[in-house]
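Below are the chains, spelled out letter by letter.
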Amino acid sequence: MPRSPFRTRRPRTLTAVVTAALATALAVVSAPTAALAWGPGTEAAQPYAQPSMPTVPKRGCQSTVANPAAPTGATPAVQVIYAWHDGVGNNYEANVEYIAKVVDRIDWALDESTNYDQHYNFSCRTGYDTSTYAGYARSLVVPEKIDAGANPNTPASTVRSDLISAGYQDSNRIYLVFTDFASNSDAYQCPTGGNSSGVHCSAVTESWTTGVAGHELLHVLGAGHAWMAETGASYVPDIMYGWWDNWNTDPGFRSYYDPSELSASFYIDPSPSTAKVNVANHPMLTAPVCCDVGANNDLLTAEQRTVEAATPSSSTSTFTTSGGWHQVTPACGISTNSCTYFDGRRSVQLNTYTGPSNTSSISLTNRATVTAGRTYKLFTRLRSGVAVNTQLQLAWYNSGGTLLSTSTGATETLASNWLEYRTTATAPANAASVRITVNVPTQSTTGNQAINLDSLQLNDCTANTGGTCRYDT
């Protein structure tokens, strides 16, 4: 059964006025009334600026049908709808190309989020010359009148009811609805397929932007609001929370989307929820293909990032220690969860005896493959109940397994809450693999200390668009 709708509030007032440049490029005029709360708005620009509206790549049609309300064929696809009512009027011709560009940009954003080629499947209708953008836009975006719509606000539930009455409830479709009137933006989850319940599987948005419309569409595919830590606090640099600035999808590959590892799935809500998903498996998307160029190229496996396979208090072969010992952080409260964790349900605990003559470390057992001359950035979340100094290290090995050199980051004093630490280094000549280590150097004070680590990531900066690394959080 579909879950209750996710509701997204706009972070700022949206404007319905299309800029002169965009209007000229897209043959779009402004909405009939200036300063309305729906229509075009400010586009997200993180982790880097999106292409201008005229140059957004055209996605095209993966399914073409005569009647969008009664499609034939078995290809799962997203149907895009322009919704209007008599209170504002039908401005389809004025806005259809702009909406099509937003849809193209949503597809671009998904593909550009990672170094995997993956896209949405979109459904179009016959009768238009899709070799021109004007024809493609009118084929892609279908106008539908919401008979029960009225000013000053028409709830998304009313929009859905009208569309369902018009037949938009096909099992091989989910619906992305742009309202040309004041409504709320929300979505119903359908993480395993199309409209199996026959009534929901749709995203409704009054905000014609990549951030909000893409956010709601990802909700339909199963993504929750991106969150972090055992408190369920928000993880802002992500379209699933910070949609006003961020168009990228799950930059940490740990919350709901990982095209590099389709066998992995992730908890999408804080404990005690057990709901898990990997949106990259959704039938509305194409199969991900490695490798193109995007915003993120993580080299670790899901288990290395999220530490979810081993039970609390157990040992795990994923990590190796020196000068101490490690275990999956013990449970408290819920037996299957670690007492503290940053994401998922578990973290790893390094137990060490610190002092002026004692050092210890914890490393990932398996070394990631690297390329000499490329720049890499290591991220991890760390915490400790007491002040302990640590260093992140990248140890470079040649193809024969001989250590070449070690790049050591700054010495950081851990806090009692989860903070993200990171270090950047360039692989030296002849480097073929790298060992990731959290090192505990000699300390001025002595004692038994416990350090928790979680949420590791190794980003190949050079492989990313513009040679940029995943930005700091």
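Details of the structure are given in the entry above.
To keep things clear, this report deals only with the structure shown in the data block. As the structure is a computational prediction, the values presented were derived from the model and not from experiment.

1. Looking at the overall build of the protein chain
Then, number 1: From N to C terminus, the protein chain includes six helices and 28 strands.
Then, number 2: Whereas a compact globule of 473 residues would reach a radius of gyration of roughly 23 Å, the protein chain reaches 24 Å, a difference of no more than 12%.
Then, number 3: The principal-axis extents of the C-alpha atoms in the protein chain amount to approximately 80 × 50 × 40 Å.
Then, number 4: Considering only residue pairs separated by 6 or more positions, the protein chain has 74% of its internal contacts joining residues 24 or more positions apart.
Then, number 5: Both charge centroids of the protein chain, one from 27 positive and one from 35 negative side chains, sit 4 Å from each other.

2. Concerning the state of the cysteines
Then, number 1: According to the stated counting rule, one finds five disulfides in the structure shown.
Then, number 2: Here Cys290 is linked by a disulfide to Cys291, with a sulfur-sulfur distance of 1.6 Å. Between Cys290 and Cys291, the disulfide has an S-S torsion of 65° and is therefore right-handed.
Then, number 3: Cys290 sits in the partly exposed class, given a relative accessible area of 41%.

3. Description of the packing of aromatic side chains
Each aromatic ring pair is described using two quantities: the centre-to-centre distance and the angle formed by the ring planes.
Then, number 1: Taken as a whole, this structure holds nine aromatic pairs when the rule is applied.
Then, number 2: Seen from their ring centres, Trp243 and Trp244 are 4.8 Å apart, and the 80° between their planes marks the pair as edge-to-face.
Then, number 3: On the accessibility criterion, Trp243 (9% relative accessible area) is buried.
Then, number 4: Take Trp244: its relative accessible area is 23%, and that puts it in the partly exposed class.
Then, number 5: Considering the side-chain rings of Tyr376 and Trp396, the 6.0 Å spacing of their centres and the 50° angle between planes classify their relative orientation as tilted. In this pair, Tyr376 is assigned in strand E22 (residues 375-384) and Trp396 in strand E23 (residues 389-397), connecting sequence segments 20 residues apart. No difference in accessibility class separates Tyr376 from Trp396, as the two residues are buried.

4. Quick look at the packing of helix H2 (residues 92-112) against helix H3 (residues 133-140)
Then, number 1: Between H2 and H3, whose axes approach to 9 Å, the crossing angle comes to 85°. As judged from the angle between their axes, H2 and H3 are roughly perpendicular. Counted together, Tyr92, Glu93, Val96, Glu97, Ala100, Lys101, Val103 and Asp104 of H2 and Tyr133, Ala134, Tyr136, Ala137, Arg138 and Leu140 of H3 form the full contact between these two elements.

5. As for the sheet that holds strand E28 (residues 447-460)
Then, number 1: Spatially, the five strands line up as an open sheet ordered E18-E19-E28-E22-E26, and their pairing is antiparallel. Among the strands making up the open sheet, the edge pair consists of strand E18 (324-328) and strand E26 (419-426). If you compare each strand with its neighbour and ignore which way they point, the axes differ by 30° on average.
Then, number 2: Pairing analysis gives five bridges linking E18 to strand E19 (residues 348-354), with the strands arranged antiparallel. Looking at E19, one finds that Gln327 is bridged to Gln349.

6. Structural notes on the pattern of salt bridges
Then, number 1: Tallied over the full model, the rule gives 12 salt bridges.
Then, number 2: The shortest N-O distance in the salt bridge between Asp107 and Arg59 comes to 3.6 Å. Of this pair, Asp107 sits in helix H2 while Arg59 sits in the loop between strand E2 (39-40) and strand E3 (63-65), and the two are 48 residues apart along the sequence.
Then, number 3: Classification of Asp107 by relative accessible area gives buried; the value is 4%.
Then, number 4: Given a relative accessible area of 19%, Arg59 falls into the buried group.
Then, number 5: Between Glu420 and Arg381 there is a salt bridge, and its shortest N-O distance comes to 4.0 Å. With a gap of 39 residues between them, Glu420 in strand E26 and Arg381 in strand E22 connect regions that are remote in the sequence.

7. Re helix H5 (residues 210-221)
Then, number 1: Taking 1.5 Å per residue as the helical rise, H5 with its 12 residues ought to reach 16 Å, and the 16 Å between its terminal C-alpha atoms agrees with that figure.
Then, number 2: Restricting attention to buried positions, one finds in H5 the residues Thr210, Gly211, Val212, Ala213, Gly214, His215, Glu216, Leu217, Leu218, His219, Val220 and Leu221.
Then, number 3: Taken from the residues just after H5, Gly222 is the one with a positive phi, measuring 125°.

8. Looking at unusual backbone geometry
Then, number 1: Geometrically, the link from Gln46 to Pro47 is a cis peptide bond, its omega value of 10° lying close to zero.
Then, number 2: Assignment of secondary structure puts Pro47 in the loop between E2 and E3.
Then, number 3: Residues Cys290 and Cys291 are joined by a peptide bond in cis, for which omega reads 10°.
Then, number 4: Relative to the assigned elements, Cys291 resides in the loop between strand E16 (289-290) and helix H6 (302-306).
Then, number 5: Positioned with a positive phi, Asn430 is a non-glycine residue whose angle comes to about 75°.
Then, number 6: Structurally, the position occupied by Asn430 is in the loop between E26 and strand E27 (433-440).

9. Quick word on the environment of Tyr128
Then, number 1: For Tyr128, the position within the fold is in the loop between strand E6 (123-125) and H3.
Then, number 2: The spatial distance from the C-alpha of Tyr128 to the C-alpha of Val142 is 12 Å, given a sequence separation of 14 residues.
Then, number 3: For Tyr128, the contacting residues outside a window of four places in its chain are Gly135, Arg138 and Ser139.
Then, number 4: A polar contact is formed between the side chain of Tyr128 and the side chain of Arg125, at a distance of 3.3 Å.

10. So, the packing of H2 against H5
Then, number 1: It is the contact of H2 with H5, at a shortest axis distance of 9 Å, that shows an interaxial angle of 65°. One element, H2, and the other, H5, form an angle in the roughly perpendicular class. As for the relative orientation of H2 and H5, their crossing is right-handed in sense. Of the residues in H5, those in contact with Val102, Arg105, Ile106 and Ala109 of H2 are Thr210, Ala213, Gly214 and Leu217.
Then, number 2: The residue inventory of the contact of H2 with H5, partitioned by class, reads five nonpolar, two polar and one charged.

11. Side note on the pairing of E23
Side chains on a regular strand alternate between the two faces of the sheet.
Then, number 1: Across the nine residues that make up E23, a large majority, eight, are buried.
Then, number 2: One ladder, built from seven bridges, connects E23 with E27; its direction is antiparallel. When the sheet's bridge partners are listed, Gln393 is paired in E27 with Thr437.
Then, number 3: Pairing geometry for E23 and strand E24 (residues 403-408), over five bridges, is antiparallel. The partner of Ala395 across the bridge, within E24, is Thr406.

Conventions and cut-offs
- Residues numbered from 1 in each chain as written.
- Predicted model: local features only at pLDDT ≥ 70, side-chain atom pairs only at ≥ 80, totals over all residues.
- Heavy atoms only, no water.
- Helix = DSSP H or I, 4+ residues; strand = E, 2+ residues; numbered from the N terminus.
- Rg over C-alpha atoms; globule rule 2.2 N^0.38 Å.
- Contact = heavy atoms within 4.5 Å.
- Lys, Arg positive; Asp, Glu negative; His and termini not counted.
- Charge placed at Lys NZ, Arg CZ, Asp CG, Glu CD.
- Disulfide = S-S within 2.5 Å.
- Buried < 20%, exposed > 50% of the residue type's maximum accessible area, 1.4 Å probe, protein only.
- Phe/Tyr/Trp six-rings, centres within 6.5 Å; stacked < 30°, edge-to-face > 60°.
- Axes fitted to C-alpha atoms, helices over the stretch in contact; angles between N-to-C directions.
- Parallel < 35°, antiparallel > 145°, perpendicular 65-115°, else oblique.
- Pairing = 2+ DSSP bridges.
- Salt bridge = Lys/Arg side-chain N within 4 Å of Asp/Glu carboxyl O.
- Expected span 1.5 Å × (residues − 1).
- Polar contact = N/O pair within 3.5 Å; in protein donor to acceptor, adjacent residues only side chain to side chain.
- Left-handed = near helix turned anticlockwise from the far one by under 90°.
- Nonpolar A, V, L, I, M, F, W, Y, C, P; charged D, E, K, R; others polar.

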